[in-house]
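# Residue-level structure breakdown
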Amino acid sequence: HTLKTTTIVLPNEETFVHTGDIDDLWLRDSAAQIHPLLLPSMVVSADSQPPQSLVQMDPKLARVVSGLIKRTAMYIRHDPYANAFRID
């Protein structure tokens with residue numbers, strides 16, 4: 001549900017995740033939104049392989065996470081002291 005309501009996949013391979021009641025990307029909050037996608041799954045596979053994260057299992061989620069990293073890096077380069085940014 002969160003991905004559908006807060007995530008905008010941009011055409012330049014970046015992702016914007018607005019958090020809270022203001023449509024801004026807050027660095028801390030957007031990282032917290034994707035953090036569960038990076039954790040290994042608690043589901044044990046039938047072939048005893050090590051657990052994988054949701055990002056490892058789903059290329060669309062991997063695209064969302066990598067896009068957010070790119071967008072966040074661009075914002076930090078633009079203003080390293082800010083903590084929230086608008087999409088424009």
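Residues numbered from 1 in each chain as written. Predicted model: local features only at pLDDT ≥ 70, side-chain atom pairs only at ≥ 80, totals over all residues. Heavy atoms only, no water.

## Remarks on the nonpolar core
In this structure, Leu 10, Phe 16, Val 17, Leu 25, Ile 34, Leu 37, Val 55, Leu 61, Val 65, Leu 68, Tyr 75 and Phe 85 together form the largest nonpolar core, which totals 12 residues. Sorting the residues of this core by element identifies β2 (15-17), α2 (27-38) and α4 (59-78) as the ones contributing at least two each. If near-sequence neighbours (up to four positions away) are discounted, Leu 61 is found in contact with Leu 3, Leu 37, Leu 54 and Val 55. (Core = buried A, V, L, I, M, F, W, Y, C linked by side-chain atoms within 4.5 Å. Buried < 20%, exposed > 50% of the residue type's maximum accessible area, 1.4 Å probe, protein only. Helix = DSSP H or I, 4+ residues; strand = E, 2+ residues; numbered from the N terminus. Contact = heavy atoms within 4.5 Å.)

## Considering the pattern of salt bridges
Counting across every chain of the model gives four salt bridges. One salt bridge connects Lys 70 with Glu 13, and the closest N-O pair in it is separated by 3.0 Å. With Lys 70 in helix α4 and Glu 13 in the loop between β1 (7-9) and β2, the pair connects residues that are 57 residues apart, well separated along the chain. With a closest N to O distance of 2.9 Å, Arg 86 and Asp 24 form a salt bridge. A residue pair is termed long-range when its members are at least 10 positions apart, and Arg 86 in the segment after β4 (84-85) and Asp 24 in the loop between β2 and β3 (25-26) qualify at 62 residues. By relative accessible area, which is 53% here, Arg 86 ends up exposed. (Salt bridge = Lys/Arg side-chain N within 4 Å of Asp/Glu carboxyl O.)

## Observations concerning the packing of aromatic side chains
Inspection of the entire model under this criterion finds one aromatic pair. Aromatic side chains Tyr 75 and Phe 85 sit 4.3 Å apart centroid to centroid with 0° between the ring planes, which places their arrangement in the stacked category. Of this pair, Tyr 75 sits in helix α4 while Phe 85 sits in strand β4, and the two are 10 residues apart along the sequence. (Phe/Tyr/Trp six-rings, centres within 6.5 Å; stacked < 30°, edge-to-face > 60°.)

## A look at the confidence of the model for the protein chain
Within the protein chain, residue pLDDT values average 89, and 94% of them lie at 70 or more. Mean pLDDT across the elements of the protein chain ranges from a minimum in helix α1 (residues 2-6), with 82, to a maximum in α4, with 95. (pLDDT = per-residue confidence, 0-100.)

## Thoughts on the environment of Pro 50
Tracing the chain through its elements places Pro 50 in the loop between α2 and α3 (54-57). Residue Pro 50 is classed as exposed on the basis of its relative accessible area, which comes to 59%.

## Considerations on α4
For an α-helix, the turn length of 3.6 residues means that residues three or four places apart are oriented alike. If you check α4, its first and last C-alpha atoms are 29 Å apart, about what 20 residues at 1.5 Å a residue would give, namely 28 Å. Among the residues of α4, Leu 61, Val 64, Val 65, Gly 67, Leu 68, Arg 71, Thr 72 and Tyr 75 are the ones counted as buried. Projection of α4 onto a plane perpendicular to its axis shows the buried side chains occupying an angular sector of 165°, all on one side. Exposed side chains of α4 directed beyond 90 degrees from the buried face belong to Pro 59, Ile 69 and Arg 77. For α4, the N-terminal capping position is held by Asp 58, with its side-chain oxygen 2.9 Å away from the main-chain nitrogen of Lys 60. (Expected span 1.5 Å × (residues − 1). Arc of directions from axis to C-beta. Polar contact = N/O pair within 3.5 Å; in protein donor to acceptor, adjacent residues only side chain to side chain.)

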